[in-house]
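Spelled out from the first residue to the last, the chains are:
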Amino acid sequence: MNATSFEAAPGPEATAEPGRIVLLTTSHRVAPGLLSWPAWQALHAADRVLCADGAHPQLPYLREAGIAVEESAPSAQQLVDACAGGRTVVVVATGEGEPALTDGLARLAGSGRVHMPELELLPASYDLPGARLLDLVQVMDRIRAECPWSSRQTHLGLAKYGIEEAYELVEAIEAGDREELREELGDVLLQVVFHARIAEEHPQAPFSIDDVAGGIVAKLIHRHPHVFGDETATTPEEVKEHWLRTKAVEKRRTSVTEGIPLGQPGLALAAKLHSRVRTAGLDVPLPQGDGIGYELLALAARAEAEGVDPEAALRAAARAYRDAIREVESGGSEQ
């Protein structure tokens, strides 16, 4: 049935009760057929159920549940007429949300000449937090398959972008720019999804974004026994002790230095080493020697002990130096 053949309910009661229109919306991120109980109630109680899209993914499940769905796209006036006499018509919305129909209903209501039915927007399925990540995975799948550049990328080739995006994220955090922070978090997330998508194609040891997410979920639960288990932690220091102790058992490490990437910036490396030593309660004097390197090592250790990130502190000082340079340059250009 289509819009041209749509028939409203005839009869003298057409001028009586205006009835009810239910616009049923669903999320493509939720498996078809998984609808809310109010949605099923509305569908079973409706006098008619309409859907303009004969290929709508919900239709097979609705019909299997005994719901008679008419493939029809009535105009706003036709839909209003179909509700006359107190009838309820449920419209299963397409992915676009039926904007033409809702706009038409709004025009009829605004005219003041039509006794409008009650209009209800009923979400039949909801996006859970994180649902948009599914969109990202789907978009990445298509880009990997169809983009001439993305389809040729490797883990090694993308490595530099991961470093760049991480630094840009830190810069956004330090600048306090909320919009920039949101964007840079997205860029970092893209790197994760991109690498996971490439990993699916490995011939011997493939893994997917679900494997990545499953791994970090298991790790977080295991390393937070004070949240998911019977242990207790009342201070950040106790939480860190739990984390490091559990991590050492997992990794079977024999030294607190294991797992510290030596390729990170020097101040961050020195602070991380000192943090591991201090947290483990080891008594390891700083090595003594001549040169600026040993002086910087001592400064980094002092900063870490005082709860200061030496890298962040140096970047803040460098930005102040940059501003001073620009001020001098500006003054010099005016002379």
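Right above here is the structure, for reference.
Predicted model, so just to flag it, every value in this text is computed and none were measured.

Participant: Which residues make up a negative patch on the surface, and what values go with them?
Facilitator: On the surface, a cluster of negative charge is contributed by Glu164, Glu168, Glu171, Asp177, Glu180 and Glu183. Secondary structure elements with two or more residues in the negative patch: α6 (155–175) and α7 (178–199). If you tally residues by element for the negative patch, the top one is α6, at three residues. With respect to the helices and strands, glutamate 164 occurs in helix α6. For glutamate 164, a relative accessible area of 39% translates into the label partly exposed.

Participant: Could you give an account of a nonpolar patch on the surface, naming the residues involved and the relevant values?
Facilitator: A surface patch of nonpolar side chains, amounting to about 530 Å² of accessible area, comprises Ile216, Val217, Leu220, Ile221, Val227 and Phe228. Secondary structure elements with two or more residues in the nonpolar patch: α8 (209–222) and α9 (225–228). Here the nonpolar patch takes four residues from α8, the largest share from any one element. Relative to the assigned elements, isoleucine 221 resides in helix α8.

Participant: Talk me through the sheet that holds strand β4 (residues 88–92); I want residue IDs and the actual numbers.
Facilitator: Judged by pairing direction, the sheet is parallel, and its five strands sit side by side in the order β3-β2-β4-β1-β5 without closing on themselves. Because the sheet does not close on itself, it has two edges, and the strands there are β3 (69–71) and β5 (118–123). The mean inter-strand angle of the sheet, taken between neighbouring strand axes irrespective of direction, is 25 degrees. Judged from the three bridges that link them, strand β2 (residues 48–51) and β4 form a sheet pairing that is parallel. Looking at β4, one finds that valine 49 is bridged to valine 90.

Participant: Give a detailed account of the environment of alanine 324, specifying residues and quantitative values.
Facilitator: Within the element layout of this structure, alanine 324 appears in helix α13 (residues 310–334). C-alpha of alanine 324 to C-alpha of arginine 63: the two residues are 261 residues apart in sequence and 72 Å apart in space.

Participant: Account for the nonpolar core, naming residues and giving values.
Facilitator: Nonpolar side chains in soluble globular proteins tend to end up buried together. Grouped together as the largest cluster of nonpolar side chains are 18 residues, with contacts concentrated most on Leu24, Leu43, Val49 and Leu62. Of all the elements in the fold, those that place two or more residues in this core are β1 (20–25), α1 (37–45), β2, α2 (59–64) and β4. It is α1 that provides the largest number of residues to this core, a total of four residues. Aside from chain neighbours lying at most four places away, what touches leucine 62 is Leu35, Trp40, Leu43, Ile67, Val69 and Val92. Counting 14 residues, the second-largest nonpolar core is a separate cluster that includes Ala76, Leu79, Cys83 and Val89.

Participant: Any details on the packing of aromatic side chains? Residues and values, ideally.
Facilitator: Following the criterion strictly, the structure yields two aromatic pairs and no others. Members of the aromatic cluster, each reached through a chain of ring pairs, are Trp149, Tyr161 and Phe194.

Participant: I'd like a rundown of the pairing of β2, residues and numbers included.
Facilitator: Residues of β2 alternate between two faces, with Arg48 and Leu50 on one and Val49 and Cys51 on the opposite face, all of them buried. When β2 meets β3, the two strands line up parallel, connected through three bridges. Along β3, the bridge assignment pairs leucine 50 with glutamate 70. Where the polypeptide runs from β2 across α2 and back to β3, its parallel neighbour, the crossover connection is right-handed.

Participant: So what about helix α11 (residues 266–280)? Which residues, and what values?
Facilitator: Given a rise of 1.5 Å per residue, 15 residues ought to cover 21 Å, and the 21 Å separating the end C-alpha atoms of α11 matches this to within 8%. For α11, every residue scored as buried is listed here: Leu267, Ala268, Leu269, Ala270, Ala271, Ser275, Arg276 and Val277. Two residues or fewer past α11, glycine 281 is found with a positive phi of approximately 70 degrees.

Participant: Just give me the short version of the pattern of salt bridges, but keep the residues and values in it.
Facilitator: With the rule as written, the count across this model stands at 17 salt bridges. Among the ionic pairs, arginine 29 bridges to aspartate 127, the shortest N-O distance being 2.5 Å. Of this pair, arginine 29 sits in the loop between β1 and α1 while aspartate 127 sits in the loop between β5 and α5 (132–146), and the two are 98 residues apart along the sequence. Owing to a relative accessible area of 37%, aspartate 127 belongs among the partly exposed residues under this scheme. Residues joined by salt bridges that share partners form a network here, namely Arg29, Asp127, Arg132 and Asp135.

Definitions and limits used
- Residues numbered from 1 in each chain as written.
- Predicted model: local features only at pLDDT ≥ 70, side-chain atom pairs only at ≥ 80, totals over all residues.
- Heavy atoms only, no water.
- Patch = residues over 30% accessible without salt bridge, like charges linked within 9 Å, V, L, I, M, F, W, Y side chains within 5 Å.
- Areas by Shrake-Rupley, 256 points an atom, 1.4 Å probe, with all protein chains shown as cover.
- Salt bridge = Lys/Arg side-chain N within 4 Å of Asp/Glu carboxyl O.
- Lys, Arg positive; Asp, Glu negative; His and termini not counted.
- Charge placed at Lys NZ, Arg CZ, Asp CG, Glu CD.
- Helix = DSSP H or I, 4+ residues; strand = E, 2+ residues; numbered from the N terminus.
- Buried < 20%, exposed > 50% of the residue type's maximum accessible area, 1.4 Å probe, protein only.
- Pairing = 2+ DSSP bridges.
- Axes fitted to C-alpha atoms, helices over the stretch in contact; angles between N-to-C directions.
- Core = buried A, V, L, I, M, F, W, Y, C linked by side-chain atoms within 4.5 Å.
- Contact = heavy atoms within 4.5 Å.
- Phe/Tyr/Trp six-rings, centres within 6.5 Å; stacked < 30°, edge-to-face > 60°.
- Right-handed = clockwise from strand over helix to strand, strands pointing away.
- Expected span 1.5 Å × (residues − 1).

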